[in-house]
Amino acid sequence: GAGVSQSPSNKVTEKGKDVELRCDPISGHTALYWYRQSLGQGLEFLIYFQGNSAPDKSGLPSDRFSAERTGGSVSTLTIQRTQQEDSAVYLCASSLDFSNQPQHFGDGTRLSIL
Amino acid sequence: DQQVKQNSPSLSVQEGRISILNCDYTNSMFDYFLWYKKYPAEGPTFLISISSIKDKNEDGRFTVFLNKSAKHLSLHIVPSQPGDSAVYFCAASHSGTYKYIFGTGTRLKVLA
């Protein structure tokens with residue numbers, strides 16, 4: 001498709017389980033971002049990938065969170081031993097590069113931890 | 001410390017009138033600003049941007065104004081339409097970085 005694709009669109013899981021969220025960026029976009037939006041909050045930066053450079057993981061809230069980007073395209077965000085406070089919408093965005101380029105967002109994954 | 005603030009969580013406007021959404025920032029290093037629109041269950045959609053070398057940028061019904069001395073930007077929608085009802089986020093960054101700082105959003109409701 002032409003836009004950023006995220007899967008699954010919804011995920012409900014029990015506390016303590018691991019979850020994996022997927023993002024397929026727009027073809028040719030070298031920059032990829034993960035954000036989290038909790039209820040009533042703005043978009044919280046999690047991690048950034050740009051080309052082959054080392055990712056900026058400074059926004060990851062704990063070591064239970066990790067992300068990979070394989071082959072400079074698809075990215076997966078993994079949350080281990082999920083907690084109820086991890087419940088949020090996880091949004092992925094991509095752009096051509098980072099320099100004053102608007103980001104194009106996917107529709108997000110709504111994660112609910114029971 | 002919230003560097004980008006949208007102090008109005010919601011706004012209601014009559015169809016055909018002007019909608020004005022406001023955003024304040026604290027970091028004087030910010031030099032690029034964007035507005036996004038978000039419908040329920042969808043990701044944010046880029047609307048309009050402005051660089052700090054300008055004080056106004058216009059695109060159809062949407063105009064963004066930047067007041068650097070006040071560290072304030074606003075989005076004007078004229079005329080407002082029911083399809084404009086959504087949550088609007090402002091975001092800011094500074095050159096050489098890739099981090100965009102987002103506000104908490106303003107929910108706009110345009111009444112028919």
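Coordinates for the structure precede this section.
A few points on the structure. (Residues numbered from 1 in each chain as written. Chains lettered and ligands numbered in written order. Predicted model: local features only at pLDDT ≥ 70, side-chain atom pairs only at ≥ 80, totals over all residues. Heavy atoms only, no water.)

1. Let's talk about the interface of chain B and chain A
In this complex, chain B contributes 20 residues to the contact, which on the side of chain A involves 19 residues. On the chain B side of the contact with chain A, Tyr-98, Tyr-100 and Phe-102 of chain B bury the most area, a combined 35% of that side's loss. Counting across the chain B and chain A interface gives one salt bridge. Two residues, Lys-99 of chain B and Asp-56 of chain A, come together in a salt bridge whose shortest N-O distance is 3.6 Å. If you look at where chain B meets chain A, you find four residue pairs in polar contact (both at pLDDT 80 or more). (Contact = heavy atoms within 4.5 Å. Buried area = accessible area lost by both parts, 1.4 Å probe. Salt bridge = Lys/Arg side-chain N within 4 Å of Asp/Glu carboxyl O. Polar contact = N/O pair within 3.5 Å; in protein donor to acceptor, adjacent residues only side chain to side chain.)

2. Points about the nonpolar core
Counting residues in each nonpolar core, the largest one holds 23 residues, and the members touching the most others are Phe-33, Trp-35, Leu-73, Leu-75 and Tyr-88 of chain B. Of all elements in the fold, only β3 (19-25), β4 (32-38), β5 (45-51), β7 (62-67), β8 (72-77), β9 (86-93) and β11 (106-111) of chain B reach the threshold of two or more residues within this core. For this core, the element with the highest residue contribution is β9 of chain B, accounting for four residues. Look past the residues within four positions of Leu-75 of chain B in its chain and what remains in contact with it is Ser-19, Ile-20, Leu-21, Trp-35, Leu-47, Ile-48, Phe-62, Thr-63 and Tyr-88 of chain B. Core analysis: the second largest hydrophobic core is formed by 20 residues, Ile-26, Ile-47, Phe-65 and Ile-79 of chain A among them. (Core = buried A, V, L, I, M, F, W, Y, C linked by side-chain atoms within 4.5 Å. Buried < 20%, exposed > 50% of the residue type's maximum accessible area, 1.4 Å probe, protein only. Helix = DSSP H or I, 4+ residues; strand = E, 2+ residues; numbered from the N terminus.)

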